[in-house]
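As a plain string of letters, each chain reads:
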Amino acid sequence: MSKRRAGDEARKEYDMSKRPWLGRCSGHLAESDMSNKPLLARCSGRSAKRPAQQRKQHLYLVVDDWERGYSIYRVRHDDFDSDAGLEAGTASLVVRVEAQHANSRSFAAHGAKIFAMNPSESSTGIPVFDTETLGMTVCPCPDSRGDCGSTPFYASVGGKLLSFASPFLDVLGPEPLPTENTWSWTSVSPPPPFSSTLICGYAVHPDNRTIFVSVKNIVSYPGRLACTFTFDMERFEWTRLGDWLLPFKGRAYYDHDLDAWVGLCLHKEGVGRVCCCDVPPSTGCTTMPSWKLGVDVLFDKDKRHVGAKLVYIGDSRFCLVESRLPKDDDYYPRLRSVKMTSFVLKYGKKGELKVYSQRTYGSMSYQIAHEGFDLGTDPVAFWILTHSRRPPPTEGQVTRVIGFVRAELDGSVTESAWRTMELRTSNCLQLRLTLANRMGPTRDVARTTLCYRAGRYGQLTPLVIDLPIGNERINLVVLRHNTPVDNQLRYPDLDAPAV
């Protein structure tokens, strides 16, 4: 081998040694003088392949079929991919939430959680359902607790939840860690120059911090019946853009492939159809962006139509949730039928907005359990993406060969002294105990440092976290504490920002 090639190999092995191991330290020694050697809390770098964390998607329906509040049903994402369609009864009940009736609009989705913003009078806070853990928790109430006499408006943007129920405007910050304080709301003043009841449509800008809000019949500006505003979730500032409206009824969603906002059409000529609109700059525009009406009619607004809501699944795929009165419900208007239709939107050859892969599923029927209900209420539905809990690794995923050798006081290693053992765990503490047993009667698990060495010329890297998931062989050098080579080791900075 040439000197140049040997030098390249040495540099390659040296560079590999600088890559720290990922993991989490799962144990502590009872007696140790390693107080000056920190444990890793977060580390970046190359790790062995780990089974991908699966993400699950579900449609959640909030239904007022319970005397004391509302029921939350879940429809699996796999059911929408089934060619057979969604059978009646596939929606499964996951939880019931105590809340005041006739206020189904007072539910908001924020991340993987569903908030019942108008709780029962006896509740100390807002009931929150976590779709990942299937657990319930309580969030403090904002200033607009309860029914303020106006239709509330909620929007989840950039990890924050906006709550606007005239005249109160509050923003919920990120969820704190379990060991820290509870959630907190920030009151924003002055309030916007319009009532939350007048909001007819809104959309979140792709910058994930700006909300476009359209308002009808506004009276704060004489002679102007319609306006569109933006709200900056970072600066908490409202800006009036102009005397025009977004063409959407309710929420619109940004789709990357269409490069447009998509929502149900607000205008009379577009009832039952979707429409799309160009996305203006986050700084706004004084004139209405160009928009186009979809070709297909998704529902008829006849006498049995109660309301409809569009939810975004992803990748140009949407789900229309329509609430209707059953045909045999002429004399008992508490019965409801929820119809779910999933479809894909694409541009046609002439640029028209068309529906593809449309599927209609069986309806879910229920009965309203109280008298104070709103005949014109749209269904409450959320499409939520959750992260499934990764199961602990199996023995087959972590069994590996460990090469180990004790270093001299100066850090040198006798290459012929390498020994091997089989380890069937990724636990760092168990590794230390096993090595101590293998190295003979002079072992002292509390006064040794384990270092990873990537190749003969590799720099020693302290191993203070669990091993990565995988079966690759790892070579470890065992150092005695307070030796020259041990004192020269470099440890990661715990205060460094995460990458």
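Residues numbered from 1 in each chain as written. Predicted model: local features only at pLDDT ≥ 70, side-chain atom pairs only at ≥ 80, totals over all residues. Heavy atoms only, no water.

A.B. asks: What is the right way to look at the overall build of the chain in this model?
C.D. replies: For the chain, the count of helices and strands is five helices and 30 strands. Classification of the 499 residues of the chain by burial places 47% in the buried group. Residue pairs at least 24 apart in sequence account for 56% of intrachain contacts in the chain once pairs closer than 6 positions are excluded. (Helix = DSSP H or I, 4+ residues; strand = E, 2+ residues; numbered from the N terminus. Buried < 20%, exposed > 50% of the residue type's maximum accessible area, 1.4 Å probe, protein only. Contact = heavy atoms within 4.5 Å.)

A.B. asks: So what exactly am I meant to see when it comes to the packing of aromatic side chains here?
C.D. replies: One pair of aromatic rings is described through two measures. These are the centre distance and the angle between the planes. Summed over the entire model, instances satisfying the criterion amount to twelve aromatic pairs. Among the aromatic side chains, those forming a connected cluster through ring pairs are Phe164, Phe194, Phe229, Phe231, Phe236 and Trp238. Against the face of Tyr356 rests Lys346, its NZ or CZ located 5.8 Å from the ring centre. (Phe/Tyr/Trp six-rings, centres within 6.5 Å; stacked < 30°, edge-to-face > 60°. Lys NZ or Arg CZ within 6 Å of the ring centre and 35° of its normal.)

A.B. asks: Even after reading the chapter, I still don't get helix H4 (residues 428-438), so can you show me in this structure?
C.D. replies: Because each turn of an α-helix spans 3.6 residues, side chains separated by three or four positions in sequence point in the same direction. Those residues of H4 not exposed but buried are Cys428, Leu431, Arg432, Thr434, Leu435 and Ala436. Among the structural elements, strand S26 (400-406), strand S27 (419-423), strand S28 (448-452) and strand S30 (474-480) are those in contact with the buried residues of H4. Two to three positions downstream of the cap, the backbone nitrogen of Leu429 sits 2.9 Å from a side-chain oxygen, assigning the N-cap of H4 to Asn427. Looking at the residues trailing H4, positive phi occurs at Gly440, about 100°. (Polar contact = N/O pair within 3.5 Å; in protein donor to acceptor, adjacent residues only side chain to side chain.)

A.B. asks: Sorry if this is basic, but what is going on with the confidence of the model for the chain here?
C.D. replies: Note: predicted coordinates in regions of low pLDDT should not be interpreted at a detailed level. Averaged over all residues, the pLDDT of the chain equals 80, while 77% of them reach at least 70. Across residues 1-52, confidence stays below pLDDT 50; counting only partners more than four residues off in sequence or on other chains, it has 88 contacts. Here residues 82-89 is a poorly scored stretch, pLDDT under 50, and it has ten contacts once near neighbours within four places are set aside; other chains count. (pLDDT = per-residue confidence, 0-100.)

A.B. asks: I tried to follow the nonpolar core on my own but got confused; where do I start?
C.D. replies: In terms of nonpolar packing, the biggest core is built from 34 residues, with Leu59, Leu61, Met340, Phe343 and Leu345 touching the most fellow members. Membership of the second largest hydrophobic core comes to 21 residues, among which are Phe164, Phe194, Tyr202 and Val204. (Core = buried A, V, L, I, M, F, W, Y, C linked by side-chain atoms within 4.5 Å.)

A.B. asks: Could you clarify how one ought to interpret the pairing of strand S4 (residues 107-110) in this entry?
C.D. replies: On a regular strand, one side chain projects to one face of the sheet and the next to the other, so that they alternate. Here four bridges tie S4 to strand S5 (residues 113-116), and the two strands are oriented antiparallel to one another. Residue Ala109 lies in a different strand from S5, and its bridge partner there is Ile114. In sequence, S4 turns back onto S5 through a hairpin of two residues, with Gly111 there showing a positive phi of about 65°. (Pairing = 2+ DSSP bridges.)

A.B. asks: I would appreciate a short explanation of the side chain of His110 in the present structure.
C.D. replies: By the secondary structure assignment, His110 is in strand S4. Judged by its relative accessible area of 12%, His110 is buried. Side-chain polar atoms of His110 contact the side chain of Ser156, separated by 2.7 Å. His110 has contacts with Phe115, Ser156, Gly159, Lys160 and Leu161, leaving out every residue within four places of it along the chain.

A.B. asks: Please clarify how the sheet that holds strand S11 (residues 185-187) should be interpreted in this entry.
C.D. replies: Sheet strands associate in pairs through backbone hydrogen bonding, adopting either a parallel or an antiparallel arrangement. One open sheet holds the four strands; their spatial order is S8-S9-S10-S11, and the pairing between them is antiparallel. Only two strands of the sheet have a single partner each, and these edge strands are strand S8 (153-157) and S11. Neighbour-to-neighbour, the strand axes of the sheet open up by a mean angle of 20°, direction not taken into account. Bridge count between S8 and strand S9 (residues 160-165): five bridges; the pairing is antiparallel. What sits directly across from Ala155, in S9, is Leu162. (Axes fitted to C-alpha atoms, helices over the stretch in contact; angles between N-to-C directions.)

A.B. asks: I keep staring at the pattern of salt bridges and nothing clicks. Help me out?
C.D. replies: Where charged atoms from two side chains of opposite charge approach closely, those side chains can pair. Applying the stated criterion across every chain, the model contains twelve salt bridges. Residues Arg400 and Glu472 are paired through a salt bridge, measuring 4.0 Å at the closest nitrogen-oxygen approach. Of the two residues, Arg400 is situated in strand S26 and Glu472 in the loop between strand S29 (461-462) and S30; the sequence distance between them amounts to 72 residues. One continuous salt-bridge network, built from bridges that share partners, spans Lys113, Asp130 and Glu175. (Salt bridge = Lys/Arg side-chain N within 4 Å of Asp/Glu carboxyl O.)

A.B. asks: Would you explain the sheet that holds S5 in this entry?
C.D. replies: Sheet architecture is open: four strands sit in the order S4-S5-S6-S7, paired in antiparallel fashion. Single-partner strands in this sheet number two, and they are S4 and strand S7 (135-139). Direction aside, neighbouring strands of the sheet carry axes that sit 25° apart on average.

A.B. asks: Sorry, what's going on with the environment of Val306 here?
C.D. replies: Note that Val306 resides in strand S20 (residues 305-314). On a C-alpha basis, the gap between Val306 and Glu322 in space is 7.6 Å, while along the polypeptide they are 16 residues apart.

A.B. asks: Would you mind showing me how to read the pairing of strand S15 (residues 237-242) here?
C.D. replies: The sheet contact formed by strand S14 (residues 226-232) and S15 spans five bridges and is antiparallel. Looking across to S15, one finds that Asp232 is bridged to Glu237. Counting the residues in the hairpin turn of S14 and S15 gives four residues, including Phe236, whose phi is positive at 55°.

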